[in-house]
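# Examination of the molecular architecture
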Amino acid sequence: MKLRILEKKDIPLMLEWMHDEESLQYFRFDTVHMTEEKAAAFIENSQTEENRHYAVAGDADEYLGTISLKQIDRDSGSAEYAVVLRKCARGNGTAADAADALMRLAFGELGLNRIYLNVYRDNARAIRFYEKLGFVRFGETERIRDAAGEEKELIWYEFRKEDFVDSRFCYLCSFAERGDARGQLVALEGGMDVPFEIRRLFYIYGTEENIARGNHANRKSSFLFVCLNGSVKIELDDGSRRDTVVLEQKNRALVMPAMIWKRMYDFSRDAVLLVLSDAHYDAEEYIKDYEEFIREINQMRGSARQRGK
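A few points on the structure. (Residues numbered from 1 in each chain as written. Predicted model: local features only at pLDDT ≥ 70, side-chain atom pairs only at ≥ 80, totals over all residues. Heavy atoms only, no water.)

In terms of regular secondary structure, the protein chain is built from six helices and 19 strands. Expected size for 309 residues packed as a compact globule is a radius of gyration near 19 Å; at 21 Å, the protein chain falls within 12% of this value. With respect to the principal axes defined by its C-alpha atoms, the protein chain has extents near 65 × 50 × 35 Å. Accessible area of the protein chain: about 16,200 Å², with a carbon and sulfur share of 46%. Placing the 46 positive and 55 negative side-chain charges of the protein chain at their respective mean positions leaves the two points 2 Å apart. (Helix = DSSP H or I, 4+ residues; strand = E, 2+ residues; numbered from the N terminus. Rg over C-alpha atoms; globule rule 2.2 N^0.38 Å. Areas by Shrake-Rupley, 256 points an atom, 1.4 Å probe, with all protein chains shown as cover. Lys, Arg positive; Asp, Glu negative; His and termini not counted. Charge placed at Lys NZ, Arg CZ, Asp CG, Glu CD.)

Right, here's the structure in full:
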């Protein structure tokens, strides 16, 4: 998968999703009457200072969908995120790969510090996807009418640069501190503050500075890491990219899905690392050989590409 500039050759496949009844129910704009001429005009104006629309393309450069940064505001460093894919590119990881590529472009090349989006409350599949990416809700809901004139409730999500981690589906988040003169309190609830139901909890402490923990991946378990005291570094590897985050704030956490190779190191002497998981312990789901991890992650991605053909 790659992002590239939209081209005139993409028009027939663009019209495919624009006239797709399954997609239309979630659009705020009318695409039923989109013509080749209108699509060509859209492509002509797809790269401006205020709007950047890109083609999501497959390995053979076939157009799979459009992903966009709209209403780019250089003063505030923000832009609106939007994506739509053809049916053949849904449910196989293409949307996640495209989102990851666009975030790296937005926060890197374009120097933005915030992207936001809106979604209908009844679009449960899209909401699950955005929350899995790390988008968080903000602001008030709105009641509007969709392209068919039906009244819908619109909710808003945002993703900030400081929460972006350059490994697929990993992200940083902050928890509200509730305190007064007596001290601070942070409360975590599974499925709300923590993006999964909590089935296991463990914590690491007393680790020497020259000792590394982890050095494995998990086939099924997702995790949330928060350093309750001191500091620790966590290296992440999704099989394509590596990144390192530092945890040292008591209300700051790293969310990590399954199939990420992890290494925790450079523990301060007073470090206490709390880890929450969505799965009970199962020794069989651990991958402790890095080459095996690479083989399995490549097989997963190959299978996803096959399903998308």
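With that settled, consider the packing of aromatic side chains. In this structure the tally under the stated criterion is 16 aromatic pairs. Arranged with centres 5.6 Å apart and planes meeting at 55°, the rings of Phe129 and Tyr130 form a pair that is tilted. Per residue, the accessibility class of Phe129 equals that of Tyr130, and both read buried. On the basis of an interplanar angle of 70° and a centroid distance of 6.4 Å, the ring pair of Phe159 and Phe164 is categorised as edge-to-face. Comparing Phe159 with Phe164 shows no difference in burial state: the two are buried. Three or more aromatic residues joined by ring pairs make a cluster, and in this case those are Tyr81, Phe107, Phe129, Tyr130, Phe135, Phe159 and Phe164. Here the guanidinium or amino end of Lys152 rests over the ring plane of Tyr120, the centre of that ring lying 4.4 Å away. (Phe/Tyr/Trp six-rings, centres within 6.5 Å; stacked < 30°, edge-to-face > 60°. Buried < 20%, exposed > 50% of the residue type's maximum accessible area, 1.4 Å probe, protein only. Lys NZ or Arg CZ within 6 Å of the ring centre and 35° of its normal.)

As a further point, take the sheet that holds strand β1 (residues 2-5). With mixed pairing, the seven strands of this open sheet are ordered in space as β1-β2-β3-β4-β5-β7-β6. Bordering the open sheet on either side are β1 and β6 (136-145), each of which pairs with just one other strand. Mean inter-strand twist for the sheet, computed between neighbouring axes without regard to direction, equals 30°. Bridge analysis of strand β4 (residues 78-85) against strand β5 (residues 114-120) gives three bridges, and the strand direction is parallel. Each residue of the ladder has a partner; that of Ser78, found in β5, is Arg114. (Pairing = 2+ DSSP bridges. Axes fitted to C-alpha atoms, helices over the stretch in contact; angles between N-to-C directions.)

Let's shift gears to the sheet that holds strand β14 (residues 232-237). Pairing is antiparallel in the open sheet, where five strands are placed in the order β15-β14-β17-β12-β19. Two strands bound the open sheet, and with one partner strand each, they are β15 (242-247) and β19 (286-287). In this structure, β14 lies alongside strand β17 (residues 261-265), joined through five bridges in antiparallel fashion. In the strand pairing of β17, Leu236 is matched with Lys262.

Counting across every chain of the model gives 27 salt bridges. Close ionic contact of Asp10 with Arg4 constitutes a salt bridge, the shortest N to O distance being 2.8 Å. Overall, the relative accessible area of 10% leaves Arg4 in the buried class. Across the pair Asp180 and Arg182 runs a salt bridge, and its minimum N-O distance is 2.7 Å. For Arg182, a relative accessible area of 78% gives the class exposed. A single salt-bridge network, built from bridges that share partners, covers Lys2, Arg4, Glu7, Lys9, Asp10 and Asp61. (Salt bridge = Lys/Arg side-chain N within 4 Å of Asp/Glu carboxyl O.)

This part takes up unusual backbone geometry. In this model, Asp61 sits at a positive phi of 70°, which is unusual for a non-glycine residue. As for its placement among the helices and strands, Asp61 is situated in the loop between β2 (52-57) and β3 (63-73). One non-glycine residue, Asp266, lies in positive phi territory at about 55°. Looking at where Asp266 falls in the secondary structure, it is placed in the loop between β17 and β18 (272-277).

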